[in-house]
Amino acid sequence: MPEGHVPTAGEAIIDREGLQALLDALGARGFSVIGPRIRDEAIVYAPLRNVADLPEGWTDRQDGGRYRLERRGDRALFGYAVGPHSWKQFLFPPRQRLWQARRTEAGFDLLEEPPPSERWAFLGIRACELHALAIQDRVFLGGSHPDRSYAERRRDLFLVALQCGEPSGTCFCVSMETGPKASSGFDLALTELLGDGSHRFLVEVGSRAGEEILAAIPHRSAGEADRREAEAVLDSTASRMGRTLDTRGIRELLQDHPEHPRWEEVATRCLACANCTMVCPTCFCSTVEDHTALTGESAERTRLWDSCFSLDFSYLHGGSVRKEIRSRYRQWITHKLSTWFDQFGSSGCVGCGRCITWCPVGIDITEEVRAIRSSLLEPTHA
Amino acid sequence: MRSPDPFVPSLFRVDRVRRESADTVTLGLLPIQGEIPAFRSGQFFMLYAFGIGEIPVSVSGLWGQGPLLHTVRAVGPVSQALCRLRPGDTLGVRGPYGSPWPLPQAEGGDLLLIAGGLGLAPLRSALLPALAERERYGRIALLYGARSPADLLFGEERSDWSSRDDLQVEVTVDHASPAWRGSVGVVPARISHTRFAPERTHAFVCGPEVMMRYSAAALLGAGVPPARIFLSLERNMKCAFAVCGRCQFGSTFICRDGPVFAYDRISRLLSLREL
Amino acid sequence: MPDPKVVLVRHPFFAGIDPSISETLAECAHEVSFPAGRFLAREGEPASGFLLLECGTVALELHRPGRMPIVLETLHEGELVGTSWVIPPYRWSCDVRALDPVRAIVVDARCLRGKSESDPKLGYELLKRFLPLFVQRLEAVRLQLLDVYGETPT
């Protein structure tokens, strides 16, 4: 929904009631609001209606292969980083029927899927995730055959961004230049302010639709102190990144070393479980399945998330091309950090850290790059 | 008005079926509604068999000349189902996709078509237009290798091609009994028996990847510049328009950037294992 | 009969050869012809030389008891037949059968082997021309072995 026009109105301040009013206003305009909620001891993205649905007073501790929710000492509503979910599940569903076929006297007919019935508002989408969204936009919409279902879901989206106040131990958006500040691509952006004993949100407007919603909810103009506090939040986040990734020459670094011994080394740890690709907000690989009703009268085609870590992914009549885990890990990281530039003009990594946190053995994309880079700097001994 | 859904095929009807060998047929397809979409030699379509699935198949004919022709070999569930289709049956078709053989670029020089097995089908779609505008090319040669004499495709047409004096046809098989009167040996070995001027030749190669690698090496050895050697590659693909991610080959998507690639662009990738 | 030396220096296998060497080769060469179907050599026979095909095609065949012989390779105009003369025990390793009427230059290896020992320049020239042939045929056999067009790729 954000368009080129950026309203000139200055930032506003809303309080907790204002945030509830925002949810109500979005609901009144036909949006189903999706936002962070606690499910199964993790913060996930799910439908919500009330401020009380948000994970108030919770934060997350993240490291390689580790994720744990902990209590905060305050009532922050957004005091955590990203969890196992990414927003891609809504625009590119993990399982999605593409069409159905029905037998007829003459042969068969095809039934297309209806347009989506819901319009979504994403509450709390962070800078790294907005970048991931933009990356998936290029994948699904930038080619010669735009993906219609993605386009239809994307078109009506209302985006309430969150200026990130709490990086995790696996975050590295600063290295990827995707955060922590969201500067465009949203309708509204919130910075949660907890200082001075008053819980409030600084609201930036990124589109006409955002401007219209803001006008409909109680707010006041932001003052200089509010702005300074909001800047301090982002500065603090930027200074507390859990990881760093040196991206200099990374495209060549990976493409030029397909036979590096590190691929073999990481393969001894990698389980090829595909967790990293499932939690990644930009991974877009998929497969299809065909099902036929037992009567043989109807059939349907379904698209499912797939992963370059599965053996079946590279199957070519007779066998899989990437039999070894080393080849599959190499494919994933080389695609993500290197060939993505050739294909879509940017990195495929936004530095959200999910692949590190959710790897059952704690393989760290930043560490793997560091290992390859540093091995090339070592002097070779004769 | 909704935009078209690129995943939804169009319905075509089988107009004719020609058996090429024990496991290979050529299907002639006509749209149930509308026209056959414009395509170029070397491109491919996704063919859907009801309830079974969808596979990429290169065109073996020309646009604007009768039905859409696809030559299919029964090797997997979908290709087996396609090979069982009979005239009047319905199937799903979407496309065309991918890069064509660069015929216009080859004009004015010699043209070498090197086919292995089913690879003759996509190259037939390059040979026919070249023969139709024969005067635009120098020498034209077709080198065709198959497993055995019984596996050779397009029998009648090949004898027509062999009888032309403006086309050199070299056919060779890997295995034969003494009853076979033709050549036994591999395709790359036939390159040295082919008349062409390497520095002004374009070579189009289609067949199993190993056969293409050996052929490219023989062409390089004969002096054909790597930028003028074109291979048609194959990988697993589901969408055919670069969103399913499966056919990635280095930076390329074979469905979008290929299947036809200039050798100089992919030679390094071809040498990598399990890419 | 044409002069074997003229045919020999014009044959692709000896393209660009030093005249003094072609002179020596010609001393060991004579022309032969075979009708279609005739065996030029049989497996196990002494390999006393090689043939430079001027026209016609020959098949290299292996016979198998109770089954049809298998054709290993066909060789055509401009190609060389026979490499068994290079290494002991100097015996043909397969049958060689003419598929069409064949005309060829036979080079007597018994004569060449002796001359190569005493004339390293001749020996080296032969080595340079035969070695690529061995490599090309080895590569071709590898590719053939793969059965790349087979039904079940493995």
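Residues numbered from 1 in each chain as written. Chains lettered and ligands numbered in written order. Predicted model: local features only at pLDDT ≥ 70, side-chain atom pairs only at ≥ 80, totals over all residues. Heavy atoms only, no water.

A. Representation of the overall build of chain B within the structure. Helices and strands together make up the secondary structure of chain B, namely eight helices and 15 strands. In terms of C-alpha radius of gyration, chain B reaches 18 Å, essentially the compact-globule figure of 19 Å for 275 residues. When its C-alpha atoms are laid out on the principal axes, chain B stretches across 55 × 45 × 40 Å. Looking at chain B residue by residue over its 275 residues, the buried ones come to 65%. Taking as baseline every contact in chain B between residues at least 6 positions apart, the subset at least 24 positions apart corresponds to 69%. Counting every atom, chain B has about 10,100 Å² of accessible surface; 50% of that belongs to carbon and sulfur. Taking the average place of the 30 positive charges on the side chains of chain B and the average place of its 25 negative ones, the gap between the two points comes to 4 Å. (Helix = DSSP H or I, 4+ residues; strand = E, 2+ residues; numbered from the N terminus. Rg over C-alpha atoms; globule rule 2.2 N^0.38 Å. Buried < 20%, exposed > 50% of the residue type's maximum accessible area, 1.4 Å probe, protein only. Contact = heavy atoms within 4.5 Å. Areas by Shrake-Rupley, 256 points an atom, 1.4 Å probe, with all protein chains shown as cover. Lys, Arg positive; Asp, Glu negative; His and termini not counted. Charge placed at Lys NZ, Arg CZ, Asp CG, Glu CD.)

B. Structural view of the layout of surface pockets. Size it by volume and the second largest pocket reaches roughly 1,100 Å³. Forming the boundary of the second largest pocket are 40 residues, of which Ala189(B), Ser192(B), His193(B), Glu79(C) and Gln136(C) lie nearest the centre. For the lining of the second largest pocket, the secondary structure elements donating two or more residues are strand E10 (183-184), helix H5 (187-190) and helix H6 (209-222) of chain B together with strand E5 (67-75) and helix H4 (120-146) of chain C. In the lining of the second largest pocket, the residues fall into 19 nonpolar, eleven polar and ten charged. (1 Å grid on protein atoms, 1.4 Å probe; cavity = no way out; pocket = protein on both sides within 12 Å on 5 of 7 lines; lining within 4 Å. Points joined across faces, edges and corners; volume = space filled by probe spheres on them. Nonpolar A, V, L, I, M, F, W, Y, C, P; charged D, E, K, R; others polar.)

C. Looking closely at unusual backbone geometry. At the junction of Gly258(B) and Pro259(B), the peptide bond is cis and its omega measures out at 10 degrees in the coordinates. Tracing the backbone shows Pro259(B) in the loop between helix H7 (254-257) and strand E15 (260-262). Cis geometry is found at the peptide bond from Pro88(C) to Pro89(C), where omega equals 5 degrees. By secondary structure assignment, the location of Pro89(C) is in the loop between strand E6 (80-81) and strand E7 (95-98). Even without a glycine there, the phi angle at Ala240(B) is positive, about 80 degrees.

D. Examining the sheet that holds strand E8 (residues 119-126) of chain A more closely. Residue and element names in this part refer to chain A. Taken in spatial order, the eight strands make up an open sheet running E3-E2-E8-E9-E10-E11-E1-E12, and their pairing is mixed. Two strands lie at the open edges of the sheet, namely strand E3 (42-47) and strand E12 (220-221), each paired on one side alone. Two strands pair when backbone bridges link them, and strand E9 (residues 158-163) and strand E10 (residues 188-193) are joined in this way by four bridges, in the parallel orientation. Each bridged residue has a counterpart across the sheet, and for Ala161 the counterpart in E10 is Ala189. Where helix H1 (residues 16-28) meets the sheet, its contacts fall on strand E1 (12-15), strand E2 (31-39), E8, E9, E10 and strand E11 (200-205), and the angle it forms with E1 comes to roughly 95 degrees. Docked against the sheet, helix H3 (residues 127-141) engages E3, E8 and E9, running at close to 130 degrees with respect to E8. (Pairing = 2+ DSSP bridges. Axes fitted to C-alpha atoms, helices over the stretch in contact; angles between N-to-C directions.)

E. Representation of helix H3 (residues 120-132) of chain B in the model. Residues and elements named next belong to chain B. Here H3 spans 18 Å end to end across 13 residues, near enough to the 18 Å set by a 1.5 Å rise per residue. Among the 13 residues that make up H3, eleven are buried, leaving the element largely enclosed by the rest of the structure. Within H3, burial applies to Leu120, Ala121, Pro122, Leu123, Arg124, Ser125, Ala126, Leu127, Pro129, Ala130 and Leu131. (Expected span 1.5 Å × (residues − 1).)

F. Focus on the packing of aromatic side chains. For the coordinates displayed, the defined rule picks out 36 aromatic pairs over all chains. With a centroid separation of 5.2 Å and 75 degrees between ring planes, the pair formed by Phe50(C) and Phe130(C) is classed as edge-to-face. In this pair, Phe50(C) is assigned in strand E3 (residues 49-55) and Phe130(C) in helix H4, connecting sequence segments 80 residues apart. When sorted by exposure, Phe50(C) lands in the same class as Phe130(C), which is buried. Through a chain of ring-to-ring contacts, three or more aromatic side chains come together here, namely Phe92(A), Phe140(A), Tyr150(A), Phe284(A), Trp305(A), Trp340(A), Phe344(A) and Phe253(B). Over the aromatic face of Phe31(A) sits the side chain of Arg119(A), whose NZ or CZ is 4.3 Å from the ring centroid. (Phe/Tyr/Trp six-rings, centres within 6.5 Å; stacked < 30°, edge-to-face > 60°. Lys NZ or Arg CZ within 6 Å of the ring centre and 35° of its normal.)

G. View of the UniProt feature "binding site: [2Fe-2S] cluster" (unreviewed entry) in chain B. Residues and elements named next belong to chain B. In the UniProt entry, the feature "binding site: [2Fe-2S] cluster" (unreviewed entry) is given for Cys239, Cys244, Cys247 and Cys255. Considering the C-alpha atoms alone, the annotated residues occupy 17 residues of sequence yet fold into one spot, their largest mutual distance being 10.2 Å. With respect to the helices and strands, the residue Cys239 is situated in the loop between strand E12 (229-232) and strand E13 (248-249). Using a relative accessible area of 2% as the deciding quantity, one classes Cys239 as buried. Among residues more than four places away in sequence, those in contact with Cys239 are Phe7, Arg94, Tyr97 and Cys244. Inspection of the secondary structure puts Cys255 in helix H7. Those residues in contact with Cys255 that lie beyond four places of it in its chain are Phe44, Tyr97, Gly98, Met237, Ala240, Phe241, Ala242 and Cys247. (UniProt positions renumbered as here; feature names shortened; annotations may be inferred.)

H. Structural detail: a nonpolar patch on the surface. All names here are of chain C. Together, Val86, Ile87, Leu131, Phe134 and Val135 make up a nonpolar patch on the protein surface, roughly 410 Å² of accessible area in all. Here Leu131 lies in helix H4. Exposure remark for Leu131: the relative accessible area of 47% places this residue in the partly exposed category. (Patch = residues over 30% accessible without salt bridge, like charges linked within 9 Å, V, L, I, M, F, W, Y side chains within 5 Å. Salt bridge = Lys/Arg side-chain N within 4 Å of Asp/Glu carboxyl O.)

I. Structural detail: the pattern of salt bridges. The tally for this structure, following the rule as stated, stands at 67 salt bridges over all chains. Within the structure, one salt-bridge network assembled from shared partners comprises Arg72(A), Asp74(A), Glu166(A) and Arg240(A).

J. Here's a closer look at the state of the cysteines. Residue and element names in this part refer to chain A. All told, the structure shown has one disulfide over all chains when counted by the stated rule. Lacking any disulfide linkage, Cys283 is separated from the closest cysteine sulfur, that of Cys280, by 3.8 Å. Free cysteine: Cys359, not disulfide-bonded; nearest cysteine sulfur from Cys273 at 6.1 Å. Judged by relative accessible area, which is 11%, Cys359 ranks as buried. (Disulfide = S-S within 2.5 Å.)

K. Just the domain arrangement of chain B, in detail. Residues and elements named next belong to chain B. We note that the domain assignment places domain 1 (10-97) and domain 2 (103-232) within chain B. Computed from C-alpha coordinates alone, the two centres of domain 1 and domain 2 are separated by 24 Å. Across the boundary between the two partners, domain 1 contributes 15 residues, which contact 15 residues of domain 2. Regarding the contact of domain 1 and domain 2, the summed buried area is about 1,100 Å², with carbon and sulfur atoms giving 60% of it. On the domain 1 side of the contact with domain 2, Glu20, Ser60 and Leu62 bury the most area, a combined 34% of that side's loss. (Domains from an automatic or database assignment. Buried area = accessible area lost by both parts, 1.4 Å probe.)

L. Representation of the interface of chain B and chain A within the structure. The interface of chain B with chain A comprises 42 residues on the first partner and 57 residues on the second. Sorting the residues of chain B by area buried against chain A places Arg2(B), Phe50(B) and Glu274(B) first, and these three jointly supply 20% of that buried surface. For the pair chain B and chain A, the number of links is five salt bridges. A salt bridge links Arg246(B) to Asp306(A); its shortest N-O distance comes to 2.5 Å. Counting the contacts that link chain B with chain A gives 27 residue pairs in polar contact (both at pLDDT 80 or more). (Polar contact = N/O pair within 3.5 Å; in protein donor to acceptor, adjacent residues only side chain to side chain.)

M. Molecular detail of the nonpolar core. Counting 90 residues, the largest nonpolar core has Phe122(A), Ile114(B), Leu219(B), Leu231(B) and Leu233(B) as the members making the most contacts within it. The residues touching Phe122(A), leaving out its near neighbours within four places in the chain, are Ile34(A), Trp87(A), Phe90(A), Leu157(A), Phe158(A), Leu159(A) and Val160(A). (Core = buried A, V, L, I, M, F, W, Y, C linked by side-chain atoms within 4.5 Å.)

N. Molecular detail of the side chain of Ser338(A). Residue and element names in this part refer to chain A. Structurally, Ser338 can be placed in helix H11 (residues 325-344). Exposure remark for Ser338: the relative accessible area of 0% places this residue in the buried category. Within polar-contact distance, the side chain of Ser338 engages the side chain of Gln255 at 3.0 Å. Here Ser338 is in contact with Ile250, Arg251, Leu254, Gln255 and Ile333, once residues within four sequence places are set aside.

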